[in-house]
Amino acid sequence: MSMTSAAIRQAFLDFFAGKGHAVVPSSSLIPGNDATLLFTNAGMVQFKDVFLGQDQRSYSRAVSAQRCVRAGGKHNDLENVGYTARHHTFFEMLGNFSFGDYFKQDAIRYAWEFLTEVVKLPRERLLVTVYATDDEAFAIWQNDIGVPADRIIRIGDNKGAPYASDNFWAMGDTGPCGPCTEIFYDHGDHIWGGPPGSAEEDGDRFIEIWNIVFMQFNRLASGEMQPLPKPSVDTGMGLERIAAILQHVHSNYEIDTFVALIKAAAAATGATDLTDKSLRVVADHIRSCAFLIVDGVMPSNEGRGYVLRRIIRRAVRHGNKLGAKGAFFYKLVAALAAEMGDAYPELRAKQAIIEKALQQEEEQFGKTLERGLQILDEELSGLAGTEVPGTLVFKLYDTYGFPVDLTNDVARERGLSIDQAGFDAAMAEQRKRAQQASNFGLDYNQQLTSAVQTGFTGYTEHFGNARVQEIIKD
Ligand code: ATP
Ligand code: MG
Ligand code: MG
Ligand code: MG
């Protein structure tokens, strides 16, 4: 069965509407009234207060297709883009929700029915995980659904576990959370990777498509787990991942919504190899950047705006690598609006604003990018060892506007890492100088361009300290 992304999205909404779910539109990427969260990173975010029992709705079950960004905070996939077949900074999460209505059994039944009867995935390609001690979920999969026991894998909460799997889902450090069960699809043994819980689980052979969370607790800042007033269900399935399966491709970057973007990126940069990793990065980044601007974020030196700036600069660097001459990134907005404007009319309505913001940002960064890259290149070719010194990372950041992750991206391509501690020390040193300068009321404040221009101080203003440290580390 082959389905377009638009058809899959609609089929999902229709299926759950048919099961009594209210169809709720996607909320903004900027979480309303939630200072603990950088961006909306899952479908449940707009329902957080409903899970907590602090907000009442007229419905007890809901379905949505939620735009999500994972480029900072607890769920950060920025570094995965270009390296895996399944991660984006921006993606759409299809989800159904129960607010104290149905629980484990129906949640699992619905998901299985959608996958095997509506979009008709072959059962033998699917395997599932459950939380290590969740015998109830295990029994539902085995007895009710008929999944063989050897295709049901118990996964813990990753405390001290050797691998990345984690079957205890949390939106952030605090908030609603609970054990989960995940559904994986086996793309076949021609692709490297192993089942969840194995040493090769990070490969892209077995791809997680759907996560079903049994929301049972509210984690407080103290670490205490408070039981929620009513056990609930929160699920999320990546539209791009299910589309890849249904369109018979392995990588998310080969699905319908990406093909046009990758072609547009090639045309705008002069690249000819359509499988180039940098084209994928650029195609990914135009989506997150455009949607962030649609939702009111503008490139800036602080908070969310600085995350946006980092993503834009990263895209510009990859464009440069592909051979782009001058500003190219903003030209992709038209292709994106053509591709996704039906689902998100705001993209068309704000197309000119998005283009202008991106073009300005590109032109500004374009002035220092080439010189910075040249310096980086010279230094790296003379580098002893495999670590880029923190002082160099700082100089690039300070003088040439290179966000740390951008320098790290370049370093990683050459098998190098960066000295983060050295960078942090250089940064702290500069803050101290800036502080002293302002204490003395001296005029050379003006010369201290960077701490002010590209500093991270805005995180503090936006999120308070503990959170700030975590976000910066990402
Ligand atoms: P993974 O283990 O592959 O990183 P995850 O466990 O972090 O995924 P969840 O937080 O469980 O993902 O999100 C629910 C679903 O959203 C996933 O099962 C997947 O289909 C989709 N998804 C998550 N992160 C991304 C991403 N960065 N890009 C595209 N789809 C994603
Ligand atoms: Mg993840
Ligand atoms: Mg996972
Ligand atoms: Mg998951």
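Summarised in this report is the structure supplied together with it. Computed from a predicted structure; not experimentally measured. (Residues numbered from 1 in each chain as written. Chains lettered and ligands numbered in written order. Predicted model: local features only at pLDDT ≥ 70, side-chain atom pairs only at ≥ 80, totals over all residues. Heavy atoms only, no water.)

## Here's the deal with the overall build of the protein
For clarity, the threshold we go by: By definition, any uninterrupted DSSP run of H or I lasting at least four residues is a helix, any uninterrupted run of E lasting at least two residues is a strand, and each is numbered from the N terminus. We compute the radius of gyration from the C-alpha atoms alone; for a globule the expected value is 2.2 Å times N to the 0.38, where N is the number of residues. Burial here depends on accessible area, computed with a 1.4 Å probe over protein chains only, as a share of the maximum for the residue type. Under 20% is buried, over 50% is exposed, and the range in between is partly exposed. A contact between two residues is defined here by any heavy atoms of the two lying within 4.5 Å. Note that accessible areas follow from Shrake-Rupley with a 1.4 Å probe, and for residues the cover is restricted to the protein chains shown.
Counting its secondary structure elements, the protein contains 17 helices and eleven strands. At 23 Å, the protein has a C-alpha radius of gyration in line with the 23 Å of a compact globule built from 474 residues. Each principal axis of the C-alpha atoms in the protein carries an extent, and together these give about 70 × 50 × 45 Å. Per-residue burial for the protein yields a buried fraction of 57% across its 474 residues. The long-range fraction of contacts in the protein, counting pairs at least 24 apart against all pairs at least 6 apart in sequence, stands at 71%. On the protein, roughly 19300 Å² of surface is accessible, and the fraction owed to carbon and sulfur atoms is 49%.

## Some details on the coordination of the magnesium ion (ligand 4)
Condition: Only N, O and S atoms count as donors, using a 2.8 Å cut-off from the metal and 3.2 Å for Na, K and Ca, and because water is excluded some sites may appear unfinished.
Here the magnesium ion (ligand 4) is held by Glu182 (OE) and Glu208 (OE), and the distances to it run 2.0 to 2.2 Å. Between the magnesium ion (ligand 4) and the magnesium ion (ligand 3), a spacing of 3.2 Å is present, and a bridge between the two is formed by Glu208. Highlighted residues: Glu182 in strand E7 (residues 175–186) and Glu208 in strand E8 (residues 206–219), separated in sequence by 26 residues. For Glu182, a relative accessible area of 8% translates into the label buried. Glu208 gets classed as partly exposed once you look at its relative accessible area, which sits at 24%.

## Quick notes on the pattern of salt bridges
Worth spelling out the cut-off: A pair is scored as a salt bridge if a Lys or Arg side-chain nitrogen falls within 4 Å of a carboxyl oxygen belonging to Asp or Glu.
Within the structure shown, the criterion is met by 29 salt bridges. Arg309 is the partner of Glu361 in a salt bridge, and the nearest nitrogen-oxygen pair spans 2.7 Å. Here Glu361, found in helix H11 (residues 351–381), pairs with Arg309, found in helix H8 (residues 303–322); they are 52 residues apart in sequence, far enough to count as distant. The two residues Glu361 and Arg309 agree in class, both being buried. Overlapping salt bridges, with partners in common, bring together Glu79, Lys277, Arg310, Arg314, Arg317, Lys321, Asp405, Asp409, Arg412 and Glu413 in one network.

## Some thoughts on the packing of aromatic side chains
Put simply, the rule is: Between the rings of Phe, Tyr and Trp (Trp by its six-membered ring), a pair exists once the centres lie within 6.5 Å; its type follows the angle of the planes, with under 30 degrees stacked, over 60 edge-to-face, and the other angles tilted. Charge over a ring is defined by NZ of Lys or CZ of Arg lying within 6 Å of the ring centre and within 35 degrees of the ring normal.
By the definition in use, this model includes 26 aromatic pairs. An angle of 75° between the planes, with centres 5.7 Å apart, marks the rings of Trp112 and Trp141 as edge-to-face. Of this pair, Trp112 sits in helix H3 (residues 104–118) while Trp141 is found in helix H4 (residues 135–145), placing the two residues 29 residues apart along the sequence. What makes Trp112 buried here is its relative accessible area of 7%. In this structure an aromatic cluster arises from ring pairing among Phe12, Phe15, Phe16, Tyr102, Tyr110, Phe114 and Trp210. Sitting above the plane of the Tyr83 ring, Arg412 keeps its charged end 3.5 Å from the centroid.

## Re the packing of helix H7 (residues 277–294) against H11
Note the cut-off: Each axis is a line fitted through C-alpha atoms, taken for helices only over the stretch in contact, and angles between the N-to-C directions span 0 to 180 degrees. A clockwise turn of the near helix away from the far one marks a right-handed crossing, whereas an anticlockwise turn of less than a right angle marks a left-handed crossing. Here the term charged refers only to Asp, Glu, Lys and Arg, the term nonpolar to Ala, Val, Leu, Ile, Met, Phe, Trp, Tyr, Cys and Pro, and the term polar to all other amino acids, Gly among them.
Interhelical geometry of H7 versus H11 gives an angle of 115° and a closest axis separation of 10 Å. In this structure, H7 crosses over H11, and the sense of that crossing is right-handed. Contacts from Ile286, Cys289, Ala290, Ile293 and Val294 of H7 reach H11 at Ile354, Ala357 and Leu358. Counted by class, the contact of H7 with H11 contains eight nonpolar, no polar and no charged residues.

## Focus on the environment of Asp106
As for its position among the elements, Asp106 is in helix H3. Overall, Asp106 belongs to the partly exposed group, its relative accessible area being 25%.

## Side note on the pairing of strand E2 (residues 61–69)
Definition in use: For two strands to pair, DSSP has to find at least two bridges joining them.
Most of E2 sits inside the fold, with nine of its nine residues counted as buried. Here E2 pairs with strand E3 (residues 90–98) via nine bridges, running antiparallel. Bridging across to E3, Ser64 finds its partner in Gly95.

## As for the layout of surface pockets
Operational definition: Detection works on a 1 Å grid of protein atoms alone, calling trapped sets that fit a 1.4 Å probe cavities and calling open sets with protein on both sides within 12 Å along at least five of seven lines pockets, with lining residues defined by an atom within 4 Å of a point. Grid points are joined across faces, edges and corners, and a volume is the space filled by probe spheres set on the points.
Counted as a void, the largest pocket has a volume near 1200 Å³. In this structure, the largest pocket is lined by 46 residues; those nearest its centre are Arg70, His75, His87, Glu182 and Glu208. Where the lining of the largest pocket is concerned, the elements lending two or more residues are E3, strand E6 (168–170), E7, E8, strand E9 (225–238) and helix H5 (239–246). The leading source of residues in the lining of the largest pocket is E8, at six residues. Split by residue class, the lining of the largest pocket holds 14 nonpolar, 17 polar and 15 charged.

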